[in-house]
Amino acid sequence: LIKSCQHTVHFFVKYLQSMNVALGLHGDDFDPHSATPVQLQQKAVALWQQYSPVAAHPSFSPLGQDAGMFLALGANQIAYLLCHLRADAVLHARQDQRTARQQ
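The structure displayed is predicted, hence computed values, not measured ones. (Residues numbered from 1 in each chain as written. Predicted model: local features only at pLDDT ≥ 70, side-chain atom pairs only at ≥ 80, totals over all residues. Heavy atoms only, no water.)

1. Focus: the overall build of the chain
Point 1. Per the secondary structure count, the chain includes four helices and zero strands.
Point 2. The N-to-C order of helical and strand elements in the chain reads α-α-α-α.
Point 3. A buried classification covers 20% of the 103 residues belonging to the chain.
Point 4. Relative to all contacts within the chain whose residues are 6 or more apart in sequence, the contacts with residues 24 or more apart total 52%.
Point 5. Approximately 8000 Å² of the chain is accessible, and the part contributed by carbon and sulfur atoms is 61%. (Helix = DSSP H or I, 4+ residues; strand = E, 2+ residues; numbered from the N terminus. Buried < 20%, exposed > 50% of the residue type's maximum accessible area, 1.4 Å probe, protein only. Contact = heavy atoms within 4.5 Å. Areas by Shrake-Rupley, 256 points an atom, 1.4 Å probe, with all protein chains shown as cover.)

2. Notes on the nonpolar core
Point 1. One finds Val21, Leu25, Phe30, Ala44, Leu47, Trp48 and Phe60 forming the largest nonpolar core, which totals seven residues.
Point 2. No other element matches the three residues that helix H2 (residues 37–49) contributes to this core. (Core = buried A, V, L, I, M, F, W, Y, C linked by side-chain atoms within 4.5 Å.)

3. Comments concerning H2
Point 1. For H2, with 13 residues, the first-to-last C-alpha span of 18 Å sits near the 18 Å given by 1.5 Å per residue.
Point 2. Those residues of H2 not exposed but buried are Ala44, Val45, Leu47 and Trp48. Along the axis of H2, the buried residues cluster in a sector spanning 160°; they form a single face. For H2, the exposed residues set more than 90 degrees away from the buried face come down to Val38 and Gln42.
Point 3. Along its buried surface, H2 packs onto helix H1 (9–26). (Expected span 1.5 Å × (residues − 1). Arc of directions from axis to C-beta.)

4. Some thoughts on the side chain of Gln17
Point 1. Mapped onto the secondary structure, Gln17 falls in helix H1.
Point 2. A relative accessible area of 7% places Gln17 in the buried class.
Point 3. In contact with Gln17, not counting residues within four places along its chain, are Trp48, Tyr51 and Ser52.

5. Here we look at the confidence of the model for the chain
As a general rule, the predicted coordinates of low-pLDDT regions are not to be interpreted in detail.
Point 1. Summarising the model, the chain shows a mean pLDDT of 75, and 67% of its residues fall at 70 or more.
Point 2. Averaged pLDDT values over the elements of the chain bottom out at 62 in helix H3 (residues 66–73) and peak at 88 in H2. (pLDDT = per-residue confidence, 0-100.)

6. What about the pattern of salt bridges?
Pairing is possible between side chains of opposite charge, provided their charged atoms come close.
Point 1. Considering all chains together, one arrives at one salt bridge under this definition.
Point 2. The residue Asp29 makes a salt bridge to Lys43 at a minimum N-O spacing of 3.4 Å. One end of the pair, Asp29, is in the loop between H1 and H2; the other, Lys43, is in helix H2, with 14 residues separating them in the sequence.
Point 3. With relative accessibility at 21%, the residue Lys43 sits in the partly exposed group. (Salt bridge = Lys/Arg side-chain N within 4 Å of Asp/Glu carboxyl O.)

Listed below in structure tokens is the structure:
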């Protein structure tokens, strides 16, 4: 029951793949305005494939999974990620200060 609410390595691999697709399609090296749907699909699969231990099936589209949602959310998803990282850094910095004072 405890593990039911904890993330496993599979969650983080899937998250990494999805974020890589979303960030890659928002990146400077891909122009969505001049790309065809086939090029969009190929680029999305190539980005997903970078963190996949298995080859993607030819009919697979990462945009049908979380990557599609992250892509639709756009920069908001990145902003949330940065906020979480900042909060984590602040909390750990305070924890490190407390540990240093105790020593």
